[in-house]
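Reading the structure
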Amino acid sequence: MVPFIALIGGFAVLRLIGLAGIDILDGWQPALRGALALMFVVTGVPHFLPSWRRDFIAMIPTVFPHPALLVTITGVLELAGAAGLLVPPLAPWAAIGLALLMAAMFPANVSAARRGLTLAGKPVTPLPARTALQVLFIAAAIAAAA
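Summarised in this report is the structure supplied together with it.

Cut-offs used in this document
Residues numbered from 1 in each chain as written. Predicted model: local features only at pLDDT ≥ 70, side-chain atom pairs only at ≥ 80, totals over all residues. Heavy atoms only, no water. Salt bridge = Lys/Arg side-chain N within 4 Å of Asp/Glu carboxyl O. Helix = DSSP H or I, 4+ residues; strand = E, 2+ residues; numbered from the N terminus. Buried < 20%, exposed > 50% of the residue type's maximum accessible area, 1.4 Å probe, protein only. Axes fitted to C-alpha atoms, helices over the stretch in contact; angles between N-to-C directions. Parallel < 35°, antiparallel > 145°, perpendicular 65-115°, else oblique. Left-handed = near helix turned anticlockwise from the far one by under 90°. Contact = heavy atoms within 4.5 Å. Nonpolar A, V, L, I, M, F, W, Y, C, P; charged D, E, K, R; others polar. Lys, Arg positive; Asp, Glu negative; His and termini not counted. Polar contact = N/O pair within 3.5 Å; in protein donor to acceptor, adjacent residues only side chain to side chain.

1. Quick word on the pattern of salt bridges
According to the stated counting rule, one finds 1 salt bridge in the structure shown. Close ionic contact of Arg15 with Asp26 constitutes a salt bridge, the shortest N to O distance being 3.5 Å. Placement of Arg15 in helix H1 (residues 2-19) and of Asp26 in the loop between H1 and helix H2 (28-44) is noted, with a sequence separation of 11 residues between them. Exposure remark for Arg15: the relative accessible area of 23% places this residue in the partly exposed category.

2. Points about the packing of H2 against helix H5 (residues 91-115)
Put simply, H2 and H5 touch, their axes get as near as 12 Å, and they point 45° apart. As far as their axial angle goes, H5 and H2 are oblique. Viewed along their axes, H2 and H5 form a crossing whose handedness is left-handed. For the pair formed by H2 and H5, the contact residues are Arg33, Met39 and Phe40 on the first element and Ala91, Pro92, Leu98 and Met102 on the second. Grouping the amino acids of the contact of H2 with H5 by side-chain chemistry returns 6 nonpolar, no polar and 1 charged.

3. Section: the side chain of Arg33
Within the element layout of this structure, Arg33 appears in helix H2. Summary of buried charges: Arg33 has no salt-bridge partner, and the nearest side chain of opposite charge, Asp26, is 14 Å away. A polar atom in the side chain of Arg33 sits 2.8 Å from the backbone oxygen of Ala144. Excluding residues that lie within four positions of it along the chain, Arg33 makes contacts with Leu85, Pro88, Ala91, Pro92, Ala144, Ala145 and Ala146.

4. Thoughts on unusual backbone geometry
If you check the backbone angles, His66 has positive phi at about 55° while not being a glycine. Not every positive phi belongs to a glycine, and Ala120 is a case in point at roughly 55°. Its location among the elements puts Ala120 in the loop between strand E1 (118-119) and strand E2 (122-123). When its relative accessible area of 34% is taken as the criterion, Ala120 is described as partly exposed.

5. Structural notes on the environment of Phe4
If you trace the backbone, Phe4 turns up in helix H1. Using a relative accessible area of 29% as the deciding quantity, one classes Phe4 as partly exposed. In this structure, the C-alpha to C-alpha distance between Phe4 and Leu36, residues 32 residues apart in sequence, is 9.8 Å.

6. What to know about the environment of Leu85
One can find Leu85 in helix H4 (residues 67-85). C-alpha separation for the pair Leu85 and Leu7, spaced 78 residues apart in sequence, amounts to 13 Å. Setting aside residues no more than four positions away along its own chain, Leu85 makes contact with Arg33, Leu36, Ala37, Ala91, Ala94, Ala95 and Leu98.

Okay, here's the thing in structure tokens:
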């Protein structure tokens, strides 16, 4: 739920800042890009924190080789994508890349939910809610790319 809160809360705060007169955020799309960047920092940094990293590695389905490397790569891509969202000429490309990344990472979320894994000591989001969130996150990234 933390990524959802970061996305929705970040969007609301950034949109209000834009409405208050900060021109760079005066529009729904710049606010959405900033909120997505916040969300991906919130989700990307834990890929490198030892206790979270172990849980992320455990989420990778066994069919994929080198789960630790995949966690590192996805963490780097999330953080790079977050940075790209903040650079206007790169933002559409970063948003599309992040949408594709989220689609590619979804099998790990499905696997974790089906196996009843935990993330930082808490149960992972149940599959129906996780699927709805994933659709929302991907839709937000596509909207940010437009």
